[in-house]
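# Examining the three-dimensional arrangement
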Amino acid sequence: MNIKEFIVEKWMTDHENDCLYNLTDTCISPLTIKQIEEISQTDIISELSQIKLDYGPINGSIRLKRAILSLYQQGDMENISITNGASSANEHVMKVLLSSNDHIITFFPSYQQFYSYPEMLGCKCDLIELKEENRWQTSIDEIVSHIVPETKMIIMNSPNNPTGTLLEKDFLLKLIDVCKERHIYILIDEIYQGLYEINSVSDLYEYGISTSSLSKIYACAGLRLGWIKASKDVIQIIDKWRDYTLISTGMIDDYLASFILEHKELIIERSRKICEANKKILADYLKKEKRVSCIIPKDGTVSFLKYYLPIHSIQLCEGLQKEYGVFFVPGEAFGCDYHLRMTFTGSPEKTKKGLELLSKYFNKFNF
């Protein structure tokens, strides 16, 4: 297999551990065990100390699956498969359902896994451009224009990474109508949903597949616990493949994931406050800084800043981080130059300071 470099992940690996102001991490400021204890008023450490470090239930515990199902409007335990994070969930879905010469439709800017991985499997891939002048939205007609007899799957995330675009329910229902008559799968990575509501494709469509994890809005990326919700037939195939790739996710992750989802309202409340504070800081910043614009999303943790200076985004990000310690992902990592991925996940104080330093760095250029 000719493995393509995952540009965004490589950039994160190379830069995220050497910064003072991280304005691009998509995961809400991570919780500690102590914080989870304080939120839930539970002695988690004592319970963890009694857990045997066994494989645990291979397909995930009943408790965990029940907790995951509480996020959705319908389904039972046979509709859930447990994975090692959402990226693993996406990979398992694509691996078992896509074959060489299948055709898929996805979008850009977006998460590279959605098009590079199918291409590595031998699929033909059409990318539909999300345009900023259309508020990073596409149209049903444009999607239909790319459908061919070999189209097997439409892949996306909602809200989108990096733009924050949310797929509205009315649009999703129209897309389902288009795909239903052709038996086309819709895979939606819903990992950024849930701060306000979840419109899950797996609740609405027989061929709809939802993936998610605890990484983003639940502030527990380190657990590496994700899941797939899909039809029972799809889950049966995935679980067969899972025996070759995962076996299980382990007793500790299973226990903690169950606990977090059982207390999800309290954790989401914390995440929402962090995001809203950072969104307000960005909104106030945009009123003063005319060299930057942004469509601030209503859900999720990410946004895509556009700046109006003739500096390529890689050059800008490298110089900004070297001089002031401010960390962004360049738009070029998503094939969209003169943009920066900004997130609403960290300390509001650091967000405010990081944006001030961005403007200070702009001032160095006589444009």
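Report on the accompanying structure. Keep in mind that what you see is a predicted model, and the values were worked out from it rather than measured. Throughout, residues of each chain are indexed from 1 in the direction in which the sequence is written. Confidence filtering applies because this is a predicted model: local features only for residues at pLDDT of at least 70, side-chain atom pairs given and counted only at 80 or more, and all residues used for totals across whole chains, interfaces and linings. Working from all heavy atoms in the structure, the side-chain values ignore hydrogens and water.

### Concerning a nonpolar patch on the surface
Rule in force here: Each patch is assembled from residues with relative accessible area greater than 30% and no salt bridge, linking like charges that lie within 9 Å and nonpolar side chains (Val, Leu, Ile, Met, Phe, Trp, Tyr) that lie within 5 Å. Computed by Shrake-Rupley with a 1.4 Å probe, the accessible areas treat only the displayed protein chains as cover when residues are assessed. Here a salt bridge means any side-chain nitrogen of Lys or Arg lying within 4 Å of a carboxyl oxygen belonging to Asp or Glu. Segments assigned H or I by DSSP are reported as helices when at least four residues long, segments assigned E as strands when at least two residues long, and all are numbered from the N terminus.
Together, Tyr55, Ile58 and Ile247 make up an exposed nonpolar region whose accessible area comes to about 270 Å². Structurally, Ile247 can be placed in the loop between helix 10 (232–245) and helix 11 (251–262).

### Comments concerning the sheet that holds strand 10 (residues 302–307)
Selection rule: What makes two strands pair is DSSP finding at least two bridges between them.
One open sheet holds the 4 strands; their spatial order is 9-10-13-12, and the pairing between them is antiparallel. Whereas interior strands pair on both sides, the edge strands pair on one side only; in this sheet they are strand 9 (292–293) and strand 12 (329–330). For strand 9 and strand 10, the ladder comprises 2 bridges, and the chain directions are antiparallel. The residue bridging Val292 from the neighbouring strand is Tyr307, located in strand 10.

### What about the sheet that holds strand 3 (residues 103–108)?
Consider a sheet: its strands pair through backbone hydrogen bonds, and that pairing is either parallel or antiparallel. Note the cut-off: Think of each axis as a best-fit line through the C-alpha atoms, taken over the contacting stretch in the case of a helix, with angles from 0 to 180 degrees between the N-to-C directions. Should any heavy atoms of two residues lie within 4.5 Å, those residues are considered in contact.
If you trace the 7 strands from one edge of the open sheet to the other, you get 2-8-7-6-5-3-4, paired in mixed fashion. The open sheet has two free edges, formed respectively by strand 2 (80–83) and strand 4 (124–129), since each of these has just one partner strand. For this sheet the average axis-to-axis angle between neighbouring strands, irrespective of direction, equals 20°. Across 6 bridges, strand 3 lies against strand 4 in parallel orientation. Within strand 4, the residue paired with Ile104 across the bridge is Cys125. Contacting strand 3, strand 4, strand 5 (151–157) and strand 6 (185–189), helix 6 (residues 113–120) runs over the sheet at an angle of about 150° to strand 3.

### Looking at the pattern of salt bridges
Should the charged atoms of two oppositely charged side chains come close, the side chains can pair. Formally: Here's how the labels work: a residue is buried when its accessible area is under 20% of the maximum for its type, exposed when over 50%, partly exposed in between, all with a 1.4 Å probe on protein chains only.
Counted according to the given criterion, the structure contains 15 salt bridges. Ionic pairing is found between Lys232 and Glu78, a salt bridge with its closest N-O pair at 3.3 Å. With Lys232 in helix 10 and Glu78 in the loop between helix 4 (62–69) and strand 2, this residue pair connects regions lying 154 residues apart in the sequence. By relative accessible area, Lys232 is classed as partly exposed at 34%. Glu78 gets classed as partly exposed once you look at its relative accessible area, which sits at 49%. Here Asp284 and Lys287 are joined by a salt bridge, their closest N and O atoms 3.8 Å apart. Of the two residues, Asp284 and Lys287 are both situated in helix 12 (residues 264–288); the distance of 3 residues between them amounts to about one turn of the helix. We classify Asp284 as partly exposed; its relative accessible area is 29%.

### Considering unusual backbone geometry
In this chain, Phe108 is followed by Pro109 through a cis amide linkage whose omega measures 0°. Among the structural elements, Pro109 can be located in the loop between strand 3 and helix 6. Note the cis peptide between Ser158 and Pro159, where omega equals -5°. Note on placement: Pro159 falls in the loop between strand 5 and helix 8 (169–180). With a phi angle near 80°, Asn101 is a residue other than glycine that sits in the positive phi range. On the secondary structure map, Asn101 appears in the loop between helix 5 (86–97) and strand 3.

### Digging into helix 10
Applied cut-off: Multiplying 1.5 Å by the helix residue count minus one yields the expected span of that helix.
Taking 1.5 Å of rise per residue, 14 residues should cover 20 Å, and helix 10 covers 20 Å from first to last C-alpha, within 8% of that figure. Where helix 10 is concerned, the buried positions are Val234, Ile235, Ile238, Asp239 and Arg242. Structurally, helix 10 contributes buried residues whose contacts are with strand 2, helix 5, strand 6, strand 7 (208–213) and strand 8 (226–229).

### Some remarks on the packing of aromatic side chains
The criterion, for reference: Classification of ring pairs rests on two measures: the distance between centres of Phe, Tyr or Trp rings, Trp counted by its six-membered ring, which must be within 6.5 Å, and the angle between planes, read as stacked under 30 degrees, edge-to-face over 60 and tilted in between.
Summed over all chains, the structure comprises 12 aromatic pairs. Aromatic pair Tyr111 and Phe114: ring centres 5.7 Å apart, planes at 70°, arrangement edge-to-face. As far as the burial class goes, Tyr111 and Phe114 line up, both buried. Summarising the aromatic geometry, the rings of Tyr307 and Phe362 are spaced 6.3 Å apart at their centres and angled 35° between planes, so their arrangement reads as tilted. Here Tyr307 is found in strand 10, whereas its partner Phe362 is found in helix 14 (residues 348–362), with 55 residues between them in sequence. Of the two residues, Tyr307 and Phe362, neither departs from the other in class, the shared state being buried.

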